Amino acid sequence: MTGWDGFGEALAEELASLSSGSVLIIREAGQTGRYAQFLQSDTTVEAELVGDHHLDPALRAGESGSRLIADAGWKPPEDTVYGHNWWAELPWPSPSAAYRELAAMTVTGLGDGLRITGPQALVYEAWDGRRGNRSLNLPRLGLTPQT
């Protein structure tokens, strides 16, 4: 992996290849609570980035991080289906440029907004909810899978 840029490219490729019912959670290793997650439905790709409400004060994006997250294109936490998390949706299918944009938003959110040092600090969980929650292997991410 070549840092955040390489991770963003790999994430865009993996997101574009998810089948309906797939779930991907990318989180910081340990118990920090900083994560992004994606759900591929029949008609949308739903994305969430953890909001400050769920984090210890020292790990929160705060005002400056929240500004970076919003400027990247994340919709602010509201009382919606996404609760206190930042969110974004893509129609499905979407062009590859839309997946690259969502991946770039995720890199900005995790790296700049939430101040995670790099993709080497991340792990992932992925499964197919339509096929018995079968684990999905996403090697292009370059992250350690967690089960």
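Scroll up a little and you will see the structure.
Sequence order sets the numbering: in each chain, residues are counted from 1 along the sequence as written. Only residues with pLDDT of 70 or above have their local features reported here, since the model is predicted, and side-chain atom pairs are shown and tallied only from 80 upward, although totals for entire chains, interfaces and linings are computed over all residues. Derived side-chain values reflect all non-hydrogen atoms in the structure, with water molecules and hydrogen atoms excluded from consideration.

S.K.: Would you mind showing me how to read the pattern of salt bridges here?
M.R.: When the charged atoms of two side chains lie near each other, side chains of opposite charge can form a pair. Salt bridges, as used here, are contacts in which a Lys or Arg side-chain nitrogen is within 4 Å of a carboxyl oxygen on Asp or Glu. This model, assessed by the stated rule, comprises eight salt bridges. Between Asp-42 and Arg-130 there is a salt bridge, with its nearest N and O atoms 2.8 Å apart. Here Asp-42, found in the loop between strand 2 (35–40) and strand 3 (44–49), pairs with Arg-130, found in the loop between strand 5 (122–128) and strand 6 (134–135); they are 88 residues apart in sequence, far enough to count as distant. Glu-63 is paired through a salt bridge with Arg-67; the nearest N and O atoms lie 3.7 Å apart. In this pair, Glu-63 and Arg-67 both sit in helix 2 (residues 62–72), four residues apart, roughly one turn of the helix. We call a residue buried when its accessible area falls under 20% of the maximum for its residue type, exposed when it is over 50%, and partly exposed in between, using a 1.4 Å probe and counting protein chains only. Its relative accessible area of 45% is what places Arg-67 among the partly exposed residues. Each of Glu-13, Glu-14 and Arg-140 takes part in salt bridges that share partners, so that together they form one network. Runs of H or I in DSSP of at least four residues are treated as helices and runs of E of at least two as strands, each being numbered from the N terminus.

S.K.: What is the right way to read the environment of Gly-3 from this model?
M.R.: By secondary structure assignment, the location of Gly-3 is in helix 1 (residues 3–17). On a C-alpha basis, the gap between Gly-3 and Leu-102 in space is 17 Å, while along the polypeptide they are 99 residues apart.

S.K.: What should I look at first to understand the packing of aromatic side chains in this one?
M.R.: Any aromatic ring pair is given by two values, namely how distant the centres are and how the planes are angled relative to each other. Two aromatic rings, drawn from Phe, Tyr or Trp (for Trp, its six-membered ring), form a pair once their centres lie within 6.5 Å of each other, and the interplanar angle then sorts them: stacked below 30 degrees, edge-to-face above 60, tilted otherwise. By the definition in use, this model includes one aromatic pair. Here the aromatic rings of Trp-4 and Phe-7 are separated by 5.9 Å at their centres, their planes lie at 75°, and the arrangement is edge-to-face. Placement of the pair is Trp-4 and Phe-7 together in helix 1, with a separation of three residues, close to one helical turn.

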